[in-house]
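Tertiary structure, described
Given next are the chains, with one letter for each unit.
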Amino acid sequence: MADLPKTYDPAAVEPKWYALWESAGCFRADAHSPKSPFSIVIPPPNVTGILTLGHVLNNTIQDILARRARMQGFEVLWLPGTDHAGVGTQTAVEKHLRRTEKKTRHDLGREEFLRRVVDWQGKHGGIIIEQLKRLGASCDWSRQRYTFDDDYVRAVENVFVDLYGKGLIYRGRRMINWDPAAQTALSDEEVIARPQKGSLYYVRYEIIEEPGRYLEVATTRPETIMADTAVAVHPDDPRYGHLIGKRVWRPLAREALLIVGDEAIDPKFGTGVLKVTPAHDKIDYEIGLRHSLPVIDVLHPDGRINCAAVPELDGLDRFEARTKSVELLRERGLLGKEELHENNVGFSERSEVPIEPRLSEQWFLRYPQTKEALAVVRDHLIRFFPPHWEKVYAQWLENIQDWCISRQIWWGHRIPAWYRGDETRVQLESPGADWEQDPDTLDTWFSSWLWAYETMDAETRRKFYPTSVLVTGPDIIFFWVARMIIAGLEFKPGRTPAIEDNIAFRDVFLTGLIRDKQGRKMSKSLGNSPDPLDLIAKYGADGLRFGLMRIAPSGQDIAFDEKQIEEGRNFATKLWNAARFRQMHGPSDPKPRLDDHALSIYALEVLARFDELLDATETAYREYKFNEAAQRLYEFFWNDYCDWFIEAAKTEIFSDDDERKNSVLAVMDFVLSGFLRLLHPFMPHITEELWSVLGLSSAGGDFKENSIEFAPPPASALGSIEPGVVAEARKKVGKIYGTIQAGRNLRAASRIPSNKKAHFLLRTTHNWVLSEVPSITRLLNASMLDISEEETDVIPVSPLTVTPLGELLILVDHADKDVERERLDKEIARLENELRTVDAKLSNASFVDRAPAAVVQEHRQRQADFSDQLTQLRQARAAMD
């Protein structure tokens, strides 16, 4: 057995074990295994992406689940892969072309541009996979998939053809969301509403039939006035009803416009008059349909103004044109007033620019299986964690709109539709040389919605589909989660046609978003997003994982603080030092038999705490509360094991009684072995290192059999011990630890340094305390601990406190009487306040009648204890007058 180095070096330990796990095939899933399956498909990161803290959070959780499942005896498939990221990748390549060659994709042509994208992908792709490995992700890399794999591409095309044949995919001219930066259509889900501060302009439209009289129209978009084809009022609005059917002059690109009445108009907004611009607003478009209005588009695809009739605006960027149009209106006396206004503006989720409603010929999907998709979540065949996301999911499905699935970009799955004149055919191969394929590609999410099953071959699917759990962010619950559920129900990839065999996953865990300490979303532009690889270099992958998990409350946003990652590293150091302390006292026993030893009361206490830890972590896993599991692991090891048990047990470890020493070492081996297994999913590298070096495996055989990866979960420590014995031991230890804490507080209040030995006197009626004096002395850091059953004459003024074992005094040569009076007065006031709170509870009949009996009894015991302590402190205080 090698000695553990004095300090833990994650840079030496972590890569070593990851390479061993990979070479031994620890992460590989066997579709023929008799074990029960557990499967996760990774949310595929962009193929050219790099690791972010969001990836760290999401993939750490997946890795925790996968590693725990292996230890539980499941056959685990964690299937990795990447997404071609149509808009994102194309945008990155186009920016590179403009910067380096001053060219656009249209300068290169489709074929050459796609070759450049493939080159870009070859240069930048796959980086994130290596970064995930550095994090410790235990994916089955032999099964890595890509949404542009040949068979995956063919599957996407087949789905398009199938849905077209069912009448669910159709092509039509409709109002869609247009991204002027990427120059492509977007689905409703890809548009993010953001509050924007701007202006509301009151524009004057002259009534043709009543020269000199004007209708004022409040608008935020004067740059689109040239596309107005009517003005509208509510038919019941008494201010304007009589004007319906008359006409007004359009202020820019002067032309007569009809005044129409439409119930969609809100009389309370602005002046109650709406400029109707069917080409550039969805509501206006619907009004235009109802009144058979013409459609005038005054925007180029890139967002520049396209209106030769107003040369001052023609060719300007839409926002420049807004400013210029206001100037023109003001010069012509047609601008009534301007006021500040805040409204929600739709932004492209990809390029982060304001979208434009645009009338366009696109492909749409009429969603199938929506009722069934609602039912599987309502009936809990699929469960959401946290549960409140079920309502969000249901609301979207109940109000679902057809999905615009075509994109005007070149990098993506090309639509398998072919045209010859007015003829259209939808099929995989070209019908002939004189047919032209649709130039558009499919929304990236149209390929991703098949990810849960199309990443598996038929054999793998029979074993591992439906998957066990999906871990993702709530921001893609509509983009991806709901659509995968629909795809599974529609295409039925399961082993039977039954619904339960075709749901995409059984559980969905939705993480929170990581924000900085000011509550801002992490972003490169703000400079508040640290590089995870820098954090790994500084604190180790395990330190990053554990630190992040401790601050990641279930389903809530996470306030990132690097100090928490530092605490993760410090915890690794604490674990390392505790293991070194055990190693100093001889080899560990991989199968300690606690029944062969007489266990001390401190041993029974830590074993009971360990059993509580088992229950707490199991509950946390069941509810997907990873931060609670991490916090319980932290508190148990740092406080219960290291600070209390080890310190108390040092008396026996350093004694000459071999039996007592061996008993403590057996308990240490039991707890360390069990704790390392509980911690392994969170901190895999350091736990494997300690498991190996301490020799805690008893499996024998090859590396894989001895790895902690496949070690079974720990069992209860107290199964064979009489519960009454444990309860009595815990009661005693509780009093001892309470006394130690009181003594430490007394030392601090008396300004006696914690590292300075002090002479203590304990007045107690508990005779059993005599056998625990050596341990209590060590824990108090006492030079001497005297035990007395009754008050004896001591130094007149000595710092005193009341403890669970009795009065505890520090015997000093000289004590400041005023300081001690002040300290006692504060302690008496504190206890009086505590007693008042308990008295109030117990005098409340409703509390006493309705609270569990154990809770009421606990309050009564606290009432008695506070009363006794107050009596003793008041006596001590009175003696000082």
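All of the points below concern the structure found in this document.

A few words on the overall build of the protein chain. A count of helical and extended segments in the protein chain gives 28 helices and 29 strands. Each principal axis of the C-alpha distribution contributes one length, and for the protein chain these read about 110 × 70 × 55 Å. Taken over 881 residues, the protein chain has a buried fraction of 54%. In the protein chain, once contacts between residues fewer than 6 apart in sequence are set aside, the share between residues at least 24 apart is 77%. Here the protein chain displays about 38900 Å² of accessible surface, and carbon together with sulfur accounts for 49% of that area.

Read from one edge to the other, the open sheet built from 4 strands follows the order E10-E11-E9-E12, with strand pairing classed as mixed. Edge strands, defined here as strands with exactly one partner in the open sheet, are strand E10 (247–249) and strand E12 (273–276). For this sheet, the mean angle separating the axes of adjacent strands, direction not counted, is 30 degrees. Sheet topology note: the strand E9 (residues 230–233)/E12 ladder contains 4 bridges and is antiparallel. Looking at E12, one finds that valine 231 is bridged to lysine 275.

Glancing now at a negative patch on the surface. A cluster of like negative charges, contributed by Asp656, Asp657, Asp658 and Glu659, occupies part of the molecular surface. One can find aspartate 658 in helix H21 (residues 658–679).

Turning our eyes to something else, we now look at the pattern of salt bridges. Under the counting rule described, the total for this entry stands at 67 salt bridges. Two residues, glutamate 22 and lysine 133, come together in a salt bridge whose shortest N-O distance is 3.7 Å. With a gap of 111 residues between them, glutamate 22 in helix H1 (residues 10–23) and lysine 133 in helix H6 (residues 127–135) connect regions that are remote in the sequence. In this structure glutamate 22 comes out as partly exposed when scored by relative accessible area, which is 33%. Residue lysine 133 is classed as buried on the basis of its relative accessible area, which comes to 17%. The partner of glutamate 490 in a salt bridge is lysine 166, with the nearest N and O atoms 2.6 Å apart. Taken together, the residues span a long stretch of sequence, with glutamate 490 in helix H15 (residues 477–491) and lysine 166 in the loop between helix H7 (150–165) and strand E5 (169–179) at a distance of 324 residues. Of the residues examined, glutamate 490 reaches a relative accessible area of 13% and is grouped as buried. For lysine 166, a relative accessible area of 43% corresponds to the partly exposed category. Among the charged side chains, a network of salt bridges with common partners joins Asp63, Arg67, Arg70, Arg545 and Glu709.

For the rest of this paragraph, the subject is the environment of proline 681. Summarising the element assignment, proline 681 is placed in the loop between H21 and helix H22 (684–693). Taking the C-alpha atoms as reference points, proline 681 and lysine 841, separated by 160 residues in sequence, lie 43 Å from one another. Among all residues touching proline 681, those that are not within four sequence positions of it are Ile64, Arg67, Arg68, Met71, Arg545 and Tyr621.

So, on to the packing of aromatic side chains. Within the structure shown, the criterion is met by 46 aromatic pairs. Aromatic side chains tyrosine 170 and phenylalanine 364 sit 5.6 Å apart centroid to centroid with 20 degrees between the ring planes, which places their arrangement in the stacked category. Of this pair, tyrosine 170 sits in strand E5 while phenylalanine 364 sits in strand E14 (residues 356–365), placing them 194 residues apart in sequence. Like phenylalanine 364, tyrosine 170 is buried. A ring pair is formed by phenylalanine 509 and tyrosine 624, whose centres lie 5.7 Å apart and whose planes are at 15 degrees; its orientation type is stacked. Of this pair, phenylalanine 509 sits in strand E23 (residues 505–510) while tyrosine 624 is found in the loop between helix H19 (601–622) and helix H20 (626–653), placing the two residues 115 residues apart along the sequence. No difference in accessibility class separates phenylalanine 509 from tyrosine 624, as the two residues are buried. The ring of tryptophan 403 has arginine 483 lying over it, and the distance from NZ or CZ to the ring centre is 3.7 Å.

All right, on to the side chain of glutamate 772 then. Within the secondary structure, glutamate 772 sits in the loop between strand E26 (758–763) and helix H25 (773–780). The side chain of glutamate 772 is buried and forms no salt bridge, while arginine 660, the nearest opposite charge, is found at 6.5 Å. Residues within four places of glutamate 772 in sequence aside, it is in contact with Ile601, Tyr602 and Ile736.

With 22 residues, H21 ought to run about 32 Å at 1.5 Å a step, and its terminal C-alpha atoms sit 31 Å apart, in line with that. Counting buried residues along H21, 17 of its 22 residues qualify, which places the element largely inside the surrounding structure. The backbone nitrogen of glutamate 659 has a side-chain oxygen 3.1 Å away, supplied by the residue at the start of H21, namely aspartate 657.

Empty space within the second largest pocket amounts to approximately 1300 Å³. Thr220, Arg221, Asp281, Asn343 and Asn344 are the residues nearest the centre of the second largest pocket, which is lined by 42 residues in total. Those elements giving two or more residues to the lining of the second largest pocket turn out to be strand E7 (191–206), strand E8 (214–219), E12, helix H8 (282–290), helix H9 (318–331), strand E13 (335–348) and E14. Sort the elements by how many residues they give to the lining of the second largest pocket and E7 lands first, with 7 residues. Taken together, the residues that form the lining of the second largest pocket break down as 16 nonpolar, 14 polar and 12 charged.

What counts as what
Residues numbered from 1 in each chain as written. Predicted model: local features only at pLDDT ≥ 70, side-chain atom pairs only at ≥ 80, totals over all residues. Heavy atoms only, no water. Helix = DSSP H or I, 4+ residues; strand = E, 2+ residues; numbered from the N terminus. Buried < 20%, exposed > 50% of the residue type's maximum accessible area, 1.4 Å probe, protein only. Contact = heavy atoms within 4.5 Å. Areas by Shrake-Rupley, 256 points an atom, 1.4 Å probe, with all protein chains shown as cover. Pairing = 2+ DSSP bridges. Axes fitted to C-alpha atoms, helices over the stretch in contact; angles between N-to-C directions. Patch = residues over 30% accessible without salt bridge, like charges linked within 9 Å, V, L, I, M, F, W, Y side chains within 5 Å. Salt bridge = Lys/Arg side-chain N within 4 Å of Asp/Glu carboxyl O. Lys, Arg positive; Asp, Glu negative; His and termini not counted. Charge placed at Lys NZ, Arg CZ, Asp CG, Glu CD. Phe/Tyr/Trp six-rings, centres within 6.5 Å; stacked < 30°, edge-to-face > 60°. Lys NZ or Arg CZ within 6 Å of the ring centre and 35° of its normal. Expected span 1.5 Å × (residues − 1). Polar contact = N/O pair within 3.5 Å; in protein donor to acceptor, adjacent residues only side chain to side chain. 1 Å grid on protein atoms, 1.4 Å probe; cavity = no way out; pocket = protein on both sides within 12 Å on 5 of 7 lines; lining within 4 Å. Points joined across faces, edges and corners; volume = space filled by probe spheres on them. Nonpolar A, V, L, I, M, F, W, Y, C, P; charged D, E, K, R; others polar.

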